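# Structural description and commentary
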Amino acid sequence: MLPSIEKLIQSVPVEEQQPMTFINASRRTFLQVSAAGFAVAAFSQPAEAFIKYPVGGTTMAHGLRYEPTIFVSIDGDGTVSIVAHRSEMGTGVRTSLPMVLADEMGADWDRVKLIQAPGDEPKYGNQDTDGSRSMRHHIQSMRQMGASVRHMLAKTAAKKWGVSIDDVDVGVHVVTSGAREAGFGELAVDAMNEVVPTFDELTFRSEDEFRYMGKGNVPMADISDITTGKAIYGADIMLPGMKVAVIARPPAVGEKIAKVNDKKARAVAGVEDIIELPVTVMPAKFAPLGGVAVIAAHTAAALKGRDALEIKWSKGPHSEYNSEAFTKEMRKTAGKKGKVLRSEGDLAKAIKSQSKSFAAEYTQQHMAHAPMEPPVAVAKVSADFAEIWAPVQSPYGTRQDIAAALKMPIDNVRVNVTLLGGGFGRKSKCDFALEAALLAQKTGVPIKVQWTREDDIMHSFYHTTSVERLEAAIDKKGKVTGLRYNSVSPSILTTFAPDSGHQFFIENGMGHVDMPFEVPNLSIENGKAMAHTRIGWFRSVANIPRAFAVQSFASELAHELGRDEKEVLLELIGSDRKLDPIKQGFPKNFWDYGEVYDEYPIDTMRLKNVLNLAADKAGWGKSTPAGEGWGLAVHRAFVTYAAAAVRVKIVNGQIRVPEVHLAIDCGYAANPERIRSQLEGAAVMGMTLALHSGVTYEDGVAQQSNFDTYEMVRSTNHPENVHVHIVDHPFSVHASGVGEPGLPPIAPALANAIFKASGKRFRDMPFGDTIKA
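Rules of the game
- Counting restarts for each chain: residues are numbered from 1 in the order of the written sequence.
- Since the coordinates come from a predicted model, pLDDT governs what is reported: local features require at least 70, and pairs of side-chain atoms require 80 or more to be given and counted, while whole-chain, interface and lining totals use all residues.
- Hydrogens and waters are ignored; side-chain quantities use all the structure's heavy atoms.
- Helix numbering and strand numbering both begin at the N terminus, where a helix is a DSSP run of H or I of at least 4 residues and a strand a DSSP run of E of at least 2.
- C-alpha atoms define the radius of gyration in this analysis, and the globule rule sets the expected value at 2.2 Å times the number of residues to the power 0.38.
- Residue burial considers only the protein chains on display, and all accessible areas are found by Shrake-Rupley using a 1.4 Å probe.
- Under this rule, positive means Lys or Arg and negative means Asp or Glu; His and the chain ends count for nothing.
- Note that the charge is assigned to NZ on lysines, CZ on arginines, CG on aspartates and CD on glutamates.
- In this analysis, axes come from line fits to C-alpha atoms, helices being fitted only over the stretch in contact, and the angle between any two N-to-C directions falls in the range 0 to 180 degrees.
- Handedness of each helix crossing follows the sense of rotation of the near helix against the far helix: counterclockwise by less than a right angle gives left-handed, clockwise gives right-handed.
- In what follows, a contact means two residues having at least one pair of non-hydrogen atoms within 4.5 Å.
- Under the scheme applied here, ten amino acids are nonpolar (Ala, Val, Leu, Ile, Met, Phe, Trp, Tyr, Cys and Pro), four are charged (Asp, Glu, Lys and Arg), and all others, including Gly, are polar.
- Here's how the labels work: a residue is buried when its accessible area is under 20% of the maximum for its type, exposed when over 50%, partly exposed in between, all with a 1.4 Å probe on protein chains only.
- Angle categories are assigned with fixed cut-offs, so that under 35 degrees is roughly parallel, over 145 is roughly antiparallel, 65 to 115 is roughly perpendicular, and the rest are oblique.
- Note on aromatic contacts: the rings of Phe and Tyr and the six-membered ring of Trp form a pair at centre separations within 6.5 Å, being stacked when their planes are under 30 degrees apart, edge-to-face when over 60 apart, and tilted otherwise.
- When the NZ atom of lysine or the CZ atom of arginine is within 6 Å of a ring's centre and also within 35 degrees of its normal, the charge is said to sit over that ring.
- Pairing between strands is defined by DSSP: at least two bridges between them are needed.
- Here, expected helix span is obtained from the residue count minus one, scaled by 1.5 Å.
- Each C-beta atom gives one direction from the helix axis, and the arc is the one those directions make.
- Salt bridge, as used here, is a side-chain nitrogen of Lys or Arg placed within 4 Å of a carboxyl oxygen of Asp or Glu.
- By nonpolar core we mean a set of buried residues, namely Ala, Val, Leu, Ile, Met, Phe, Trp, Tyr and Cys, connected to one another through side-chain atoms within 4.5 Å.
- To count toward a patch, a residue needs a relative accessible area over 30% and no salt bridge; like charges are then connected within 9 Å, while nonpolar side chains (Val, Leu, Ile, Met, Phe, Trp, Tyr) are connected within 5 Å.

### Details of the overall build of the protein
The helix and strand inventory of the protein stands at 20 helices and 28 strands. Compactness check: the protein gives a C-alpha radius of gyration of 27 Å against a globular reference of 28 Å for 773 residues, within 12% of the reference. Taken over the C-alpha atoms alone, the protein extends approximately 85 × 70 × 50 Å along its principal axes. When the accessible surface of the protein is split by element, carbon and sulfur atoms take 51% of a total near 27,900 Å². Taken together, the 85 basic and 90 acidic charged side chains of the protein have centroids lying 5 Å from each other.

Below is the structure:
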C-alpha cells in the first residue's frame, strides 16, 4: 500500500478484552496523563536510551504528534485510556502502538483501555494506515509521549510529597518515593495541569526494562471480541430509521446510463426509492463509479430490487479493454527499449562481448484485494452535519473527500472508524463511504451502502497488470556482465492525474530502479502502458511483480548455468555494501518509501543475511524426494528485508506447500507476536496470489466475480507449516515495515520450488494449482 499519493503529487490481559470504543464527539476533555518507568533509577536513565532519528512521517500531511494529553487519560480508578489513531485491519496496530506508549509509561496493560480515534489529523497527526509505516513512523512518538506522562506523574508526586523528582520512582501503575506510594488514579487530576516536559527533560527506559516491547507477550486487543462475534465492523452499525442501498455500477469504467427501466424494481416489496448517481471517468481519485442505487428497508429487498433493474449502458472509453490483447501489447512493448530510469556502465558493450544471453518475460494479471469484509459504510447527513461510520484506512482523507462531495465545511463532518475485516489497501479508497454520504444527503435518512462480493471483485481499484522483461549478458566464465530490465505496467497515478502511460517515481522505487544486483552494466527501463480500469495500491504494490520477475529470473539463470540457485543469487547481490543512489545512477527523484535514505539505506549485507537465514532454516542443499523441491527468493520492500524458502510437493498433479520458512529483518521488532502473524498471513496470501489471483477483462468487463472464479487457497491446500524467523536487533536499529514485505518473496520462491519439483516453469501469474502433463 502506498501513502496518500495525491498529497505526494502536490509536493513532487489481557483476559478481559475491552470492546472497541469510539471517542464521543462531545467528549472534548480528558483527565489527562499517566506516567511510569521502572522502579530502578527511573529518572536517571542515560540519554542514549533513546536517540531520535528522522522518519518520513514528519513530511506527511499533518505529520506526527507528541502531545500526551491528546492520547492519554487516566480515570480515578487508575484505568489508563490510550487513543489508537490508526485503523485496525488485523495487523494489530490498534494494540502495538498503544502498547509501546504503555510500556514506556509504566502502565499495566491489564488496566489499559483503547479508544479509537475518529478521522482528525490536525489533532492526532497523520492517520493513513498503509505503507507499512505505523510502527516505523510512530514508535518514537509513542515512546516520547509515554515518557512525558511518566515525568508528569512523577513531578506531581514530587510536589505532593515535597521531594525531588530524582527521588521518585514510577513502577508498574504505581509511583513511589521511599515509603510513600500513590496509584496513577490518585495523581491524575493534578498531573493533568502539569506542563508537558520538553524532550530534553525526559528520561527513557532501557531495553532490559521493557515489559512489553520486543517480548510478544501482549495479545491483539480485539482478538476476544473478534472470535466471539462481539467486534463491531462496518456492517454492524445500525441507526434508527436507517435504509440499505446497493448500487448497479457501470459494467466497464466510464460507461454511462443510456436508459433505465425501474418499474419492476420499484414493485419489489421493501424497495423505497431508486436514485441515479453520476458516472465518473478516470482520473477521478476516489469518486464513486456512479450507477443506479436501490434504496430499501433491508438488504434482501435492495438486492432483489437491483436484480430487477433494466439498464442500458452506453459504451465508454474503456469498453474495448481486453486482457489477452493488452498483455500481448505489453509484451511487445517490453521487448523494445523503454524509458531509461537508471543506467550503469555500458550495456551495449556488454551485449556485444557476451558469450551467451538469456532472457525471460514474466506477467501478472490485475488482482482484487478481496478482503473478507466487502466495502460498507453508514452515513447520516443533515443540512449542516454529516457523520460516517466505515472501515476505512484513511479516515481523515475520507473526511476531506466527503466534506468536498457534500459541499460542507470539514468541521461539520465526522468519520468514525470501525474495525476493518481486512483491507490490503482497498479501504484506503473511500468511494463506498462517498456513496453512502451522497445517498444520505439525497434521501434525508441514514443510509448503509453495502457492497457484495461480486461488487467488490468486479468494481475495485485493482492491482495493476504487468509484463516484466529481463535480459542478461553472460561472459565466458558464466558471469552476468550486463542486465536490462524493462517493466511495463499501467500506473496508479492514473487514478489521480491524466495518463502518461508511464509509472511514476513511487512505483519505480519498488524493486525496479532499486534492484540491488552488483552487475557492472545495467539498464533499468519503463515501457508505456495505458490504464483501462481503476488502479489502486494493493498490499506490497509494485513489489509483487518485480520480486516475482527478478527472483524467478535469478533462479532460471542458475539453471541455465548449471549452478546452485542460492549461490547465483548471492553472487548477483554481490559484496556487502550500502548502495549509493548517486554513484549507481538512480533517478534524482528516487523514492525510498518516504524515508531519509541515510537512515534506511539499501544494505546488501542485511539482504543476504535474511536469504541465508531462510535457506539455513529450511535445510537448503539437502536432497529431496522425487516430486518435491525447494525454492528461494529475497526482496527489500518498505525498507525491510524478507526472504522465503518454500517447499513444494506434487501430489497427483496438485501443487502442495508443506513448509515455508520466512526470514525478516525489520529493524527493532517491537511486537514479535504480531510480526509472526503478519508473515504467516503473507505466506497464505502469497500462495493465493501466485496460484489463483487474476482479474481479466473482456469488452471492459471484469470476468471474475466471486470466490468460484476468483479463488483463494483453501483449507485443503494452503501453506501447512509456516516458520517465521525474525532477525534480532536493539532499539537503535530503526524499526521498519512489517505488513507488506513478507508478501513479495512468496510467489517467486513458490515458482522456483515448483520447477525443482516438476520441471515446469511458471512465468505468468496466476499459475493455477495443478501441473498438467
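After that view, the rundown keeps rolling.
### A look at the packing of helix α19 (residues 672–691) against helix α20 (residues 746–758)
Where α19 contacts α20, the two axes come as close as 8 Å, and the packing angle between them is 65°. When you trace α19 past α20, the crossing you get is right-handed. Within the contact between the two elements, α19 uses Ala682, Ala683, Gly686, Met687, Ala690 and Leu691 and α20 uses Ile746, Ala747 and Leu750. The residue inventory of the contact of α19 with α20, partitioned by class, reads 8 nonpolar, 1 polar and no charged.

### Description of the side chain of arginine 484
Considering the arrangement of structural elements, one finds arginine 484 in strand β20 (residues 480–488). On the basis of relative accessible area, arginine 484 is assigned to the buried category, the value being 8%. Sequence-distant contacts of arginine 484, defined by excluding residues within four places in its chain, comprise Ala334, Gly335, Lys336, Lys337, Gly338, Leu347, Arg469, Leu470, Glu471, Ser523 and Glu525.

### Some details on the packing of helix α17 (residues 565–573) against helix α18 (residues 604–618)
Running from N to C, α17 and α18 point in directions that differ by 170°, and their axes come no closer than 10 Å. When the interaxial angle is binned, α17 and α18 end up roughly antiparallel. Contact residues: Lys566, Leu569, Leu570 and Ile573 in α17; Thr604, Leu607, Lys608, Leu611, Asn612, Ala615 and Asp616 in α18. Looking at side-chain class alone, the contact of α17 with α18 contains 6 nonpolar, 2 polar and 3 charged residues.

### Quick look at the packing of aromatic side chains
Given two aromatic rings, their pairing is described by the distance between the two centres and the angle made by the two planes. The tally for this structure, following the rule as stated, stands at 24 aromatic pairs. Arranged with centres 6.1 Å apart and planes meeting at 70°, the rings of phenylalanine 590 and tyrosine 597 form a pair that is edge-to-face. For the pair formed by phenylalanine 590 and tyrosine 597, the shared burial category is buried. Over the aromatic face of tryptophan 451 sits the side chain of arginine 426, whose NZ or CZ is 5.1 Å from the ring centroid. Positioned above the aromatic ring of phenylalanine 762 is the side chain of lysine 760, whose terminal nitrogen or guanidinium carbon lies 5.6 Å from the ring centre.

### Describing the sheet that holds strand β15 (residues 376–381)
In a beta sheet, neighbouring strands pair by backbone hydrogen bonds and run either parallel or antiparallel. One open sheet accounts for 7 strands, arranged β10-β11-β8-β18-β15-β16-β17; its pairing is mixed. Because the sheet does not close on itself, it has two edges, and the strands there are β10 (271–277) and β17 (413–417). Sheet twist, expressed as the average angle between the axes of neighbouring strands with direction ignored, equals 20°. With respect to the sheet, helix α9 (residues 299–308) is in contact with β8 (243–248), β10 and β11 (291–296), its orientation differing from that of β8 by roughly 25°.

### Quick look at the sheet that holds strand β27 (residues 722–726)
One open sheet accounts for 4 strands, arranged β22-β23-β24-β27; its pairing is mixed. The two strands at the open ends of the sheet, each matched to only one other strand, are β22 (628–637) and β27. Each neighbouring strand pair of the sheet contributes to a mean axis angle of 15°, computed without reference to strand direction. The sheet strands contacting α18 are β22, β23 (640–651), β24 (654–665) and β27, and the helix crosses β23 at an angle near 30°. α20 rests against β22, β23 and β24 of the sheet, and its axis sits at about 160° to β22.

### Observations concerning helix α10 (residues 323–334)
Because an α-helix packs 3.6 residues into every turn, residues spaced three or four apart end up facing the same way. Along its 12 residues, α10 runs 16 Å from first to last C-alpha, staying within 8% of the 16 Å computed at 1.5 Å per residue. Among all positions of α10, only Ser323, Phe326, Thr327, Met330 and Ala334 are buried. Each buried residue of α10 sits inside an arc of 100° when the element is viewed along its axis, so together they form one side. Every exposed residue of α10 that faces more than 90 degrees away from the buried side is listed here: Glu324, Lys328 and Lys332. In the core, the buried residues of α10 are packed alongside β14 (356–364), β19 (466–474), β20 and β25 (697–698).

### Section: the side chain of arginine 211
Residue placement: arginine 211 occurs in the loop between α6 (184–191) and α7 (223–228). In this structure, arginine 211 is buried with no salt-bridge partner, the nearest side chain bearing the opposite charge being aspartate 103 at 4.1 Å.

### Topic: the nonpolar core
By size, the foremost hydrophobic cluster in this structure holds 107 residues, and its most contacted members are Phe71, Val80, Met105, Ile139, Val175 and Leu439. Of all the elements, helix α5 (residues 134–161) adds the most residues to this core, at 11 residues. Among all residues touching valine 175, those that are not within four sequence positions of it are Leu153, Ala157, Trp161, Val168, Asp169, Val170, Arg180, Glu181, Ala182, Phe184 and Leu187. The next biggest cluster of nonpolar side chains, apart from the first, holds 102 residues, and it includes Val488, Leu569, Tyr641 and Ala644.

### Notes on a negative patch on the surface
A cluster of acidic residues, Glu320, Glu324, Glu698 and Asp699, forms a negative patch at the surface. Take glutamate 698: it is sitting in strand β25. Overall, glutamate 698 belongs to the partly exposed group, its relative accessible area being 46%.

### Side note on the pattern of salt bridges
Applying the stated criterion across every chain, the model contains 47 salt bridges. Residues participating in the shared-partner salt-bridge network are Arg331, Lys337, Glu361, Arg469, Glu471, Arg484, Glu525 and Asp764.

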